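Chain and residue survey
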Amino acid sequence: MSSPSDPVPVTPECPRCSAPVARLASDAVVEPRGATHACPEHGATRALRRAPEVSYDGFARHLLATADAFPTLLPWPLSPGWRVTDFASVGGADAPTAATLTSVAGSSQLDGPVDLTVVVEEPGTGLGARCAGLGHTDPWRGLGAHAPLVRVRVGRSSVPLWPVSTAALDGDLDRSVVAGEAGGRWLWLVVRPASAILLLRDDWILRDVSGVGPPLVELPFGGPGPRW
Ligand SMILES: [Zn+2]
C-alpha cells in the first residue's frame, strides 16, 4: 500500500536520448566505469532519473540521492515570480552522481516567459548536449576560442561561459546555450527564448543547494518545465 509521501517510481532513461535503459548485471565489467545501465543506442551509461513530481519533497529526495559531494545549482536568490520547474540526476541513487539538472522559469519584460536549465556534468555524460539539442556530448566547440560571453559566480569562483553554437540545428533558434568548466565538470546553461541570454549578467550567482536544507522549503515548485 503506497502513501502520498512514497516516491513515485521513476523509469530510468539514457542521459543522451530518451530511451529507457536496462539494468546491467551487477557483476558485469563495463566501460565507462560506474555504468549501471545500457542504452540500445549509446551503450553502457549511468541512468538518468527525471523528477517524478516537481515539488519540495521530490527535490529533497533528489538532493539526498545526489549527496555524494555533487552540486545541484540554482540561480540564487530566485527572482520574485520565478519557480523551479524541473530537476533530474544521472547516477546518484545506485552509482556515483554524473550529472544534475535544474530548470527554473519566470518572465522578463523584454522576453516574456523565460526558461533556464542548468546542467552540471562529468565530461562525456551528454545530458547538457541533449538539453542544448546537440549531437555531440561535450561543449568543446568554440570554448575558449574567444572572450567568454558572461561570467557567473559558483561558490567563490567566477566561471567564464562561452556561447555554444546551435546553428547546426535545423532552424531551431529558440534557445541560447553557454557552457564552461567549473570544478573539473562541464557547466551548461540553456536559455529559452534565445534573446533571454541577455538576462545573464556577470553578477549572476549559481548556488550549490545540496547543503542548503530547510530554506529550500520557501522555493516555489511546479508549472510546465522545458522540453528536453
Ligand atoms: Zn541513449
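This structure is a prediction, so every number in the text was calculated from the model and none was measured.

**Re the overall build of the protein chain**
- Counting its regular elements, the protein chain contains two helices and 13 strands.
- Relative to the globule expectation of 17 Å for 228 residues, the C-alpha radius of gyration of the protein chain, 17 Å, shows essentially globular dimensions.
- Taken along its principal axes, the extent of the C-alpha atoms in the protein chain is 50 × 40 × 35 Å.
- For the protein chain, buried positions account for 37% of its 228 residues.
- Expressed as a percentage of contacts within the protein chain between residues at least 6 apart in sequence, the contacts between residues at least 24 apart total 57%.

**So, the nonpolar core**
- Among the nonpolar cores identified, the biggest contains 47 residues, and Val119, Ala132, Val178, Ala179, Trp188 and Leu189 are the most heavily contacted of them.
- The biggest single contributor to this core is strand E12 (residues 185-192), with six residues.
- Once residues within four sequence positions are removed from consideration, leucine 189 is found in contact with Leu116, Val118, Leu161 and Val178.

**Some words on the sheet that holds strand E5 (residues 73-75)**
- Taken in spatial order, the 10 strands of this open sheet run E4-E6-E7-E8-E12-E11-E10-E9-E13-E5, and their pairing is mixed. With partners counted over all chains shown, the strands left at the sheet margins are strand E4 (48-50) and E5, one partner each. Between one strand and the next, the sheet's axes are offset by a mean angle of 25 degrees, whatever the strand orientation.
- As paired strands, strand E6 (residues 83-90) and strand E7 (residues 99-108) are joined by seven bridges and run antiparallel to one another. Bridge pairing in E7 links valine 84 to valine 104.

**Overview of the confidence of the model for the protein chain**
- Here the protein chain averages 88 in pLDDT, and 93% of its residues register 70 or above.
- Across residues 1-5 the pLDDT falls below 50, and counting only partners more than four positions away or on other chains, this stretch makes one contact in the model.

Cut-offs and rules
Residues numbered from 1 in each chain as written. Predicted model: local features only at pLDDT ≥ 70, side-chain atom pairs only at ≥ 80, totals over all residues. Helix = DSSP H or I, 4+ residues; strand = E, 2+ residues; numbered from the N terminus. Rg over C-alpha atoms; globule rule 2.2 N^0.38 Å. Buried ≥ 20, exposed ≤ 12 C-beta atoms within 10 Å, placed from the backbone. Contact = placed C-beta atoms within 7 Å. Core = buried A, V, L, I, M, F, W, Y, C linked by C-beta atoms within 7 Å. Pairing = 2+ DSSP bridges. Axes fitted to C-alpha atoms, helices over the stretch in contact; angles between N-to-C directions. pLDDT = per-residue confidence, 0-100.

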